[in-house]
Amino acid sequence: MTILVTGAAGNIGRWVVASLQAMGHPFTAAAHRPAQARTVLGGDVDVRELDLHRPETFPAALEGVSSVFMVWPASLTHAARDMGPLVAYMAQRGGIEQVVYSSVEHADTNPRLPHAQVERLVKEAGLPYTFLRPGYFSQNHETF
């Protein structure tokens, strides 16, 4: 089972990548800017381009992948519009055994949260899922 880690060079993704590496678990990193991600993650990591606004990048990014760890890039402004095509592609493609989505606290009770919209997309697509709803990250202090 190969896991695709989206946003692999970001605050959450790079920790997921490091954990998968430490466990020896097969994974592929996905990033909007693969060259930049390789610099952050190291040259030994398989990094594939995944651009949410370019669906033509989806097939190569998901090649050989059975699970997806997904984050919504905070730099994007319309969760449903930005994540919808990828979620629809995964559902249509088939073969995805699990989507793990890094959501936020209260996404299950506040439908106005962008993360709630992404959760709804995943559910409606019929993909098997796990939603992680952290309330806070200590890494938030790193930018102060």
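Our structure's up above, just so we're on the same page.
These numbers come from a predicted model, not from an experiment.

### Side note on the pattern of salt bridges
So, step 1. The tally for this structure, following the rule as stated, stands at eight salt bridges.
So, step 2. A salt bridge links E49 to R54, with the nearest nitrogen and oxygen atoms 2.5 Å apart.
So, step 3. Overall, the relative accessible area of 32% leaves R54 in the partly exposed class.
So, step 4. Residues participating in the shared-partner salt-bridge network are E49, D51, R54 and E56.

### Description of the packing of aromatic side chains
The description of two aromatic rings rests on the distance between their centres and on the angle between their planes.
So, step 1. Applying the stated rule across the entire model yields three aromatic pairs.
So, step 2. Members of the aromatic cluster, joined through ring pairs, are Y101, Y129 and F131.

### Some thoughts on the side chain of H115
So, step 1. If you trace the backbone, H115 turns up in helix α5 (residues 114–125).
So, step 2. Contact partners of H115, with chain neighbours within four places excluded, come to W72, Y101, S102, S103, V104 and A107.

Procedures and definitions
Residues numbered from 1 in each chain as written. Predicted model: local features only at pLDDT ≥ 70, side-chain atom pairs only at ≥ 80, totals over all residues. Heavy atoms only, no water. Salt bridge = Lys/Arg side-chain N within 4 Å of Asp/Glu carboxyl O. Buried < 20%, exposed > 50% of the residue type's maximum accessible area, 1.4 Å probe, protein only. Phe/Tyr/Trp six-rings, centres within 6.5 Å; stacked < 30°, edge-to-face > 60°. Helix = DSSP H or I, 4+ residues; strand = E, 2+ residues; numbered from the N terminus. Contact = heavy atoms within 4.5 Å.

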